[in-house]
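These are the residues of each chain, in order.
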Amino acid sequence: MLSFLTITQAHDKLKKREISSEELTRACIDRVEKIDGKLNAVVYKNFDRALEEARKIDTAGTFDSPLAGIPYFAKDVYSEAGVPTTGCSNMLRNPPSPDGLRAAGKDYIPPYDSTTTKRLKAAGAISLGKTNTDEFTMGASTETSCYGVTRNPWDTSRVAGGSSGGSAAVVAADECLFALGTDTGGSIRQPASFCSIAGIRSTYGRTSRYGVMSMASSLDTIGPLCKSVEDLAIVLEAIAGKDPLDGTTGDHPVPNYHGALKKDLKGVRIGLPKEYFIEGLNTEVEASVRKAAAVCKSLGALVTEVHLPYTKYAVATYYVLCPCEVSSNMARYDGIRFGHTVEKPKDLLDYYQRTRSEGFGPEVKRRIMIGTFALSAGYYDAYYLKAQKVRTLIKKDFDEAFRGVDLILAPVSPNTAFKIGANSNDPIAMYLEDVFTVAQVMAGIPCISVPCGFSKEGLPIGLQLMAPQWEEGRLLSAAYAYEQATEWHKKRPVLDRA
Ligand code: GLN
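About the thresholds
- Residues numbered from 1 in each chain as written.
- Predicted model: local features only at pLDDT ≥ 70, side-chain atom pairs only at ≥ 80, totals over all residues.
- Heavy atoms only, no water.
- Helix = DSSP H or I, 4+ residues; strand = E, 2+ residues; numbered from the N terminus.
- Buried < 20%, exposed > 50% of the residue type's maximum accessible area, 1.4 Å probe, protein only.
- Near = heavy atom within 4 Å.
- Polar contact = N/O pair within 3.5 Å; in protein donor to acceptor, adjacent residues only side chain to side chain.
- Areas by Shrake-Rupley, 256 points an atom, 1.4 Å probe, with all protein chains shown as cover.
- 1 Å grid on protein atoms, 1.4 Å probe; cavity = no way out; pocket = protein on both sides within 12 Å on 5 of 7 lines; lining within 4 Å.
- Sits in = over half its atoms within 2 Å of the grid points.
- Nonpolar A, V, L, I, M, F, W, Y, C, P; charged D, E, K, R; others polar.
- Arc of directions from axis to C-beta.
- Contact = heavy atoms within 4.5 Å.
- Points joined across faces, edges and corners; volume = space filled by probe spheres on them.
- Salt bridge = Lys/Arg side-chain N within 4 Å of Asp/Glu carboxyl O.
- Patch = residues over 30% accessible without salt bridge, like charges linked within 9 Å, V, L, I, M, F, W, Y side chains within 5 Å.
- Pairing = 2+ DSSP bridges.
- Axes fitted to C-alpha atoms, helices over the stretch in contact; angles between N-to-C directions.

Trainee: Could you give me a rundown of unusual backbone geometry, with the residues and numbers involved?
Mentor: Geometrically, the link from Gly162 to Ser163 is a cis peptide bond, its omega value of 5° lying close to zero. As for its position among the elements, Ser163 is in the loop between β5 (155-159) and α6 (165-172). Of note, the phi angle at Thr137 is positive, near 70°, even though the residue is not glycine. In this structure, Thr137 sits in the loop between β3 (126-131) and β4 (151-152). Residue classification places Thr137 among the buried positions, given a relative accessible area of 4%.

This is how it looks when you write it as structure tokens:
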């Protein structure tokens, strides 16, 4: 089945004219129609347009770009002109009003493209549509989506992770060749690890956020989820780099990531942070990650222990800063600038209140409340300002550690994919799932997740590597060497049987 190919494999066949982009796109569409009903990973299908684009690429006949004619899905927060994009929130879906006065309206349709989808289009990639996410990317399980949960392809009674759970599931289930996600506090790495695929969060400012719905602007990044590290290198190279439309992107030139991939780790110094191997870490996850460190050693790496002492404050700090920024970013959804319209408001305040109470789900409301509280006069110094200071200390932890090592190796998540509903009524338990993925975002450093094993129950386990800012090349090269020495990434979930 063509949709099972990696980007590299498909590109080779396209270039040799063994297959057409139309055939490849059709294979993905067929796969979605056949199995997505079991997963609920796709929330918008743009198939007619995708086939039209594929035919154009076939006619043009130039497959010089490694992404020419390659079909992908984008998380439902990436703007594409004319394509419904809802952040998986009722706020932008305009469902019927609870009082029955108003029928369902239209989903929000962006009038412009995000820089990333625009760059992919220029490289010839084919957009198939949108994938499920937690509402406005707030969550770790895709359960807060207004479209309902995405199921894990390895075990459909479990979550695919979040918030980019839909993007991880479509790649793991071979419904496309790659997908786009966003990572504010782990949302690319954690679902990648729960679904046994590769995902990279780049340095803050390496990729453009223009045209992607914001959650917490000083932490948000965008990036790819792929079937192999080589594919990650190809996609990142196409989307990274300075964007005049996003002032937070850096001027650093984008290296040839793909060309720099190496198969060994000779002389690479890798640190294992003591603070990531703690009580509460699932023993099977720990064993797989330690085994991965041993594989790195056998490939020539020098493995030592490092310390990141402020790690224990990471979740608490993130869950002050993130909601503060959320409370500000969500202000635009007032029913006038953005967001759904309510019927017969009594006055302006009633209009705002009803728009926001009908449009937002409970997790978004919780974060708006926490953020507004932490930013209010009298509490600002005690919470927001304090958290900013701790953020600096967390960043210094990494600066210090990277003086002695080139990379840091750790688990992605303390557990394997959990059962649907297991954490839904306990926000603290859900937040604690992020314990290993939020420190890096506050330091703005790049990190990657690659498959490193399975539990006895057959659930995927992910390995996390971290590098200093702007060192995505180092990260990809090391992850590639590890991947080439192991077989984990080759395993595929069996979905067709049930
Ligand atoms: N799970 C984290 C949160 O809920 C991360 C979300 C994300 O990265 N978008 O905030």
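Having seen it, we continue.
Trainee: Summarise the site of the ligand; cite the residues concerned and give the values.
Mentor: Around the ligand, the structure places 14 residues, and the nearest of them are Thr184, Gly185, Ser187, Tyr318 and Arg367. Within the backbone of Thr137, an N or O atom sits 2.9 Å from a nitrogen atom of the ligand. Within the contact set of the ligand, an oxygen atom lies 2.8 Å away from a backbone nitrogen or oxygen of Thr184. Taken by itself the ligand offers 290 Å² of open surface, and the protein chains cover 99% of this. A majority-of-atoms criterion places the ligand in the largest cavity. Tallied by class, residues from the shell around the ligand come to 4 nonpolar, 7 polar and 3 charged.

Trainee: Mind laying out helix α1 (residues 7-15), listing which residues take part and the relevant values?
Mentor: Here α1 has its buried residues at Ile7, Ala10, His11 and Leu14. Across the axial projection of α1, the buried residues extend over an arc of 105°, all falling on one side. Close packing links the buried residues of α1 with α2 (21-39), β6 (178-183) and α8 (229-239). Of the residues flanking the end of α1, it is Arg17, one or two places downstream, whose phi is positive at about 65°.

Trainee: Can you break down the environment of Arg403 residue by residue, with the values?
Mentor: Within the fold, Arg403 resides in helix α13 (residues 381-404). Among the residues examined, Arg403 registers a relative accessible area of 60% and is labelled exposed. Sequence separation between Arg403 and Leu180 is 223 residues, and the spatial gap between their C-alpha atoms is 32 Å. Within polar-contact distance, the side chain of Arg403 engages the side chain of Glu400 at 2.6 Å.

Trainee: Report on empty space enclosed by the protein, specifying residues and quantitative values.
Mentor: What the rule picks out here adds up to 4 cavities of 30 Å³ or more. Together, 14 residues line the largest cavity, and Gly139, Gly185, Ser187, Tyr318 and Asp434 are the ones closest to its centre. Taken as a whole, the second largest cavity spans an internal volume of roughly 60 Å³. If you trace the second largest cavity, you find it lined by Thr137, Thr182, Thr184, Arg209, Val212, Met213, Met215, Asp220, Thr221 and Ile222. The class makeup of the residues in the lining of the second largest cavity is 4 nonpolar, 4 polar and 2 charged.

Trainee: Give me the environment of Ala103: which residues, what numbers.
Mentor: Tracing the backbone shows Ala103 in the loop between α4 (90-93) and α5 (115-122). What makes Ala103 exposed here is its relative accessible area of 58%. In the structure, Ala103 is positioned 54 residues away from Ser157 in sequence and 33 Å away in space, judged by C-alpha atoms.

Trainee: Describe the pattern of salt bridges, listing the residues and the values that go with them.
Mentor: Counting across every chain of the model gives 29 salt bridges. Its salt-bridge partner being Asp107, residue Arg93 comes within 3.9 Å of it at the nearest N-O pair. Taken together, the residues span a long stretch of sequence, with Arg93 in helix α4 and Asp107 in the loop between α4 and α5 at a distance of 14 residues. A salt bridge links Glu363 to Arg367, with the nearest nitrogen and oxygen atoms 2.8 Å apart.

Trainee: Give me the lowdown on a nonpolar patch on the surface, citing residues and values where you can.
Mentor: Where nonpolar side chains cluster on the molecular surface, the patch consists of Phe373, Tyr379 and Tyr383 and spans about 290 Å² of accessible area. For Phe373, a relative accessible area of 39% gives the class partly exposed.

Trainee: Summarise the sheet that holds strand β13 (residues 460-466); cite the residues concerned and give the values.
Mentor: Taken together, 11 strands build an open sheet; the order of strands is β1-β3-β2-β6-β8-β7-β12-β13-β11-β9-β10 and the sheet is mixed. At either margin of the open sheet sits one strand with a lone partner, and together these are β1 (42-45) and β10 (302-306). Within the sheet, the average angular offset between the axes of one strand and its neighbour, ignoring direction, is 30°. One ladder, built from 2 bridges, connects strand β9 (residues 269-273) with strand β11 (residues 407-411); its direction is parallel. Each bridged residue has a counterpart across the sheet, and for Gly271 the counterpart in β11 is Ile408.

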